[in-house]
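Close look at the chain arrangement
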Amino acid sequence: MTTPERRHRTQAERTARTRAALLDATIDCLVERGYARTSMQEVCARAGVSKGAVQHHFPDKARLMAAAVEHLTGRLTEQHAPDTTGLPEGPERVSAVIDLLWESYSGTLASAAMELWVAARTDPALREAMRPVDRALGRATLDRLAALVGDLPRDRLETLYWLTVNLTRGLALDAELGGDPQRREQLLREWKRIATALYT
């Protein structure tokens, strides 16, 4: 029995694969080493790509980070896509949605995003790259939440969303700094109690 000839990847497919490997390696570096210690050399080593190849795609670190922002946003958008199976009905749904947001903003990808947000404070080029994708991520997540919480008016939904996002980002930073996990759980429970009372 003869096996079918293996299909060769096109140049476009190879280029896309190389870019994805570089951007995934960049995100891994951000999580493990932080923004300041993420170098082009380290990214090349992790991606298994030569320095010449990476410079063909990204001439400098600033352009690599700008592309990493978009790549990270795509991965976060996929992660933020809520699994609606098993979500409770009624007031308990608000609490469940807050849990979904906490999971999204406290994971490994969120750590990489936090590195970029902090670095953007003193890096104007990175800040300009971060703003539009951060807004796009917020809009996409809000649209998904609107379908989950039912009749809540959009302005009240946005207030609930941004209050929750800023709280969870703060709690995620607290976790990075070694804060008390029981205190984080208590604060999250208290916010869910308040939000359920205010938004249902």
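Residues numbered from 1 in each chain as written. Predicted model: local features only at pLDDT ≥ 70, side-chain atom pairs only at ≥ 80, totals over all residues. Heavy atoms only, no water.

1. Some points on the side chain of Thr196
Topologically, Thr196 is positioned in helix 9 (residues 181–199). There is a polar contact of 2.7 Å between the side chain of Thr196 and the backbone oxygen of Lys192. Contact partners of Thr196, with chain neighbours within four places excluded, come to Pro91, Val94 and Ser95. (Helix = DSSP H or I, 4+ residues; strand = E, 2+ residues; numbered from the N terminus. Polar contact = N/O pair within 3.5 Å; in protein donor to acceptor, adjacent residues only side chain to side chain. Contact = heavy atoms within 4.5 Å.)

2. Considerations on the nonpolar core
In terms of nonpolar packing, the biggest core is built from 23 residues, with Ile98, Leu145, Leu160, Tyr161 and Ala195 touching the most fellow members. Among the elements of the structure, helix 5 (92–105), helix 7 (124–149), helix 8 (154–176) and helix 9 are those that each provide at least two residues to this core. Judged by nonpolar contacts, the second largest core, of 17 residues, contains Leu76, Leu116, Met130 and Val133. (Core = buried A, V, L, I, M, F, W, Y, C linked by side-chain atoms within 4.5 Å. Buried < 20%, exposed > 50% of the residue type's maximum accessible area, 1.4 Å probe, protein only.)

3. So, the pattern of salt bridges
Taken as a whole, this structure holds 10 salt bridges when the rule is applied. Here Glu32 and Arg46 are joined by a salt bridge, their closest N and O atoms 3.0 Å apart. With a gap of 14 residues between them, Glu32 in helix 1 (residues 11–33) and Arg46 in helix 2 (residues 40–47) connect regions that are remote in the sequence. Relative accessible area serves as the criterion here: at 33%, Arg46 is assigned to the partly exposed category. Note that Asp143 is salt-bridged to Arg154, the shortest N-O span being 3.1 Å. Linking Asp143 in helix 7 with Arg154 in helix 8, this pair joins segments that are 11 residues apart in sequence. The class of Asp143 is partly exposed, set by a relative accessible area of 47%. Given a relative accessible area of 36%, Arg154 falls into the partly exposed group. It is possible to trace a salt-bridge network through shared partners that takes in Glu32, Glu42 and Arg46. (Salt bridge = Lys/Arg side-chain N within 4 Å of Asp/Glu carboxyl O.)

4. Let's talk about the packing of aromatic side chains
Under the definition given, this model contains one aromatic pair. Between Tyr161 and Trp162, the ring centres sit 4.8 Å apart and the planes meet at 70°, which makes this aromatic pair edge-to-face. Classification of Trp162 as partly exposed rests on a relative accessible area of 35%. (Phe/Tyr/Trp six-rings, centres within 6.5 Å; stacked < 30°, edge-to-face > 60°.)

5. A word on the environment of Glu190
In this fold, Glu190 is placed in helix 9. For Glu190, the side chain forms a polar contact with the side chain of Arg193, separated by 2.6 Å.

6. What about the confidence of the model for the protein?
Predicted confidence across the protein gives a mean pLDDT of 82, with 90% of residues reaching 70 or more. Helix 9 holds the highest mean pLDDT among the elements of the protein, 91, whereas helix 4 (residues 61–80) holds the lowest, 77. (pLDDT = per-residue confidence, 0-100.)

7. Looking at the environment of Glu158
The residue Glu158 is located in helix 8 in this model. It is 7.1 Å that separates the C-alpha atoms of Glu158 and Leu142, two residues lying 16 residues apart in sequence.

8. What about the packing of helix 7 against helix 8?
The N-to-C vectors of helix 7 and helix 8 enclose an angle of 120°; their axes lie 10 Å apart at closest approach. Viewed along their axes, helix 7 and helix 8 adopt a mutual orientation that is oblique. Crossing hand, helix 7 versus helix 8: right-handed. In this structure, helix 7 uses Asp134, Gly138, Arg139, Thr141, Leu142, Asp143, Leu145, Ala146 and Val149 to contact helix 8, whose residues at the interface are Arg154, Leu157, Glu158, Tyr161, Trp162 and Arg169. A per-class count over the contact of helix 7 with helix 8 returns seven nonpolar, two polar and six charged. (Axes fitted to C-alpha atoms, helices over the stretch in contact; angles between N-to-C directions. Parallel < 35°, antiparallel > 145°, perpendicular 65-115°, else oblique. Left-handed = near helix turned anticlockwise from the far one by under 90°. Nonpolar A, V, L, I, M, F, W, Y, C, P; charged D, E, K, R; others polar.)

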